[in-house]
Amino acid sequence: MKPIRVLLADDHALVRAGIRMLLQQIAGVEIVAEASDGREALGLIKNARPDILIMDIAMAGLNGLEATARVTREFPQVRVIMLSMYTTPDYVVQALRAGAAGYLVKDAATA
Amino acid sequence: MDWKKKDGAQIVVNLHLRTSLGTNGGVIGYEGIALDITERKRAEEALRSLSRQLLELQEAERRRLARELHDEIGQALAALKINLQTAQRTASLYASRLRDSIGIVDTIMEQVRDLCLTLHPPQLDDLGLAAILEWYVDRQAQRAGLVAHVAMDPCEPRPSPAIETACLRVVQEALTNITRHAQARRVWVELRSQHRILHLRIRDDGIGFDSEAARQQAARGMSMGLLGMEERVRLVSGQLEIRATPGRGTEIRVDFPLHHQAAAPQ
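Given the structure is predicted, the values throughout are model-derived calculations rather than measurements.

Visitor: What should I look at first to understand the overall build of chain A in this one?
Guide: A count of helices and strands for chain A gives four helices and five strands. Counting from the amino terminus, chain A carries its helices and strands in the arrangement β-α-β-α-β-α-β-α-β. Burial analysis of chain A (111 residues in total) assigns 46% to the buried set. For chain A, restricting intrachain contacts to residue pairs at least 6 apart in sequence, the fraction spanning at least 24 positions comes to 60%.

Next up, the structure:
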């Protein structure tokens, strides 16, 4: 089976490292690139060709919401999963409106 | 009232006048005292300005601390939790200890969230007043075992950050008082924007209190909550009214004029 290609974008290196470790344990998932803000993620998509972009909602530079809107417009084949520290419902609504396919709270329990 | 002195200087006076009546009961003149209160007025204005500056500084500091807590400590804790969860998957020998550790991280994260909320919720700047109040009231009510009825108008155009912060502080103070003293079961919070006035109403069905006695206590320095609320509201040209009767709940009514866009606490 073809592995699921993941691009990881978060401005907190520690969080990125944690998620990378977590995903590396899952068979069939391959991390193809990492970015520390939305702009960098957008720049990487063309070459890295991810299936999924896991991206933090709040980043300096181009934030996750703005980047999601651009990704879903320019690369509709890429599914965006929004990462967030916030549990406020309005953020979830904003993320879904921007085109995110999912919303994941950072301290959620692992399955 | 404003007077002009002989040398042209403007002064503020407090005027006490009474009419002098003649023997037939007709007015024959006025006598009175004019007290120059220019200095007192100046001192009052200086005090008000100082008070505003202090609040501004305090809010700026709270905002900075909340950001730091959320962005740095919160994220580091999230990373720590993810790592512990990863370790838990592989190290069955230490599973129970890791589970405990994850529990500890969860508790700290909840405390950090609470601190951020009390200091200055970062969500207020992003989402605006109505969204954050609705979420905040529901969350606090749930914890205190209260039933909350929340009605929020989307505020368009958005009030100034100073008014948004003042509203949040009033709601925080009111909910703290309700939880601590009111023995209430229900709380109603309403935010309406009409004719360029923002109306905030907080009502509970608790035991109420003697608002005059509370105010006198506050004036003697025994409780700063009510005075602090009034001061914050006044600094953004708002009006606050507390209707409380022993045994019949409490209602706090605050009105803010929306044209007020002065640089004040943010």
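The structure having been displayed, the exposition proceeds.
Visitor: What is the right way to look at the layout of surface pockets in this model?
Guide: Residue and element names in this part refer to chain B. Taken as a whole, the largest pocket encloses approximately 700 Å³ of empty space. Every residue lining the largest pocket is counted, 26 residues in all, and those nearest its centre are Arg 62, Arg 169, Gln 172, Glu 173 and Thr 176. Breaking the lining of the largest pocket down by element, the ones donating at least two residues are α1 (38-90), α2 (95-119), α4 (129-144), α5 (161-182) and α7 (225-235). Take the lining of the largest pocket: its biggest share by element is seven residues, from α7. When the residues that make up the lining of the largest pocket are grouped by side-chain class, the tally is eight nonpolar, nine polar and nine charged.

Visitor: It is not clear to me how the sheet that holds strand β6 (residues 197-204) of chain B should be interpreted in this structure. Could you clarify?
Guide: To summarise the sheet geometry, strands pair through backbone hydrogen bonds and adopt either a parallel or an antiparallel arrangement. Residues and elements named next belong to chain B. The strand order across the open sheet formed by five strands is β4-β5-β6-β8-β7, and the pairing between neighbours is mixed. The sheet is open, and its two borders are formed by β4 (147-152) and β7 (239-244), each paired with just one other strand. Between one strand axis and the next, the sheet turns by 10° as a mean value, whatever way the strands run. Here six bridges tie β4 to strand β5 (residues 186-194), and the two strands are oriented parallel to one another. What sits directly across from Ala 148, in β5, is Val 187. Sheet contacts for α4: β4, β5 and β6; angle to β4, the most-contacted strand, approximately 175°. Sheet strands in contact with α7 are β7 and β8 (250-257), and its direction is about 145° off that of β7.

The rules behind each value
Residues numbered from 1 in each chain as written. Chains lettered and ligands numbered in written order. Predicted model: local features only at pLDDT ≥ 70, side-chain atom pairs only at ≥ 80, totals over all residues. Heavy atoms only, no water. Helix = DSSP H or I, 4+ residues; strand = E, 2+ residues; numbered from the N terminus. Buried < 20%, exposed > 50% of the residue type's maximum accessible area, 1.4 Å probe, protein only. Contact = heavy atoms within 4.5 Å. 1 Å grid on protein atoms, 1.4 Å probe; cavity = no way out; pocket = protein on both sides within 12 Å on 5 of 7 lines; lining within 4 Å. Points joined across faces, edges and corners; volume = space filled by probe spheres on them. Nonpolar A, V, L, I, M, F, W, Y, C, P; charged D, E, K, R; others polar. Pairing = 2+ DSSP bridges. Axes fitted to C-alpha atoms, helices over the stretch in contact; angles between N-to-C directions.

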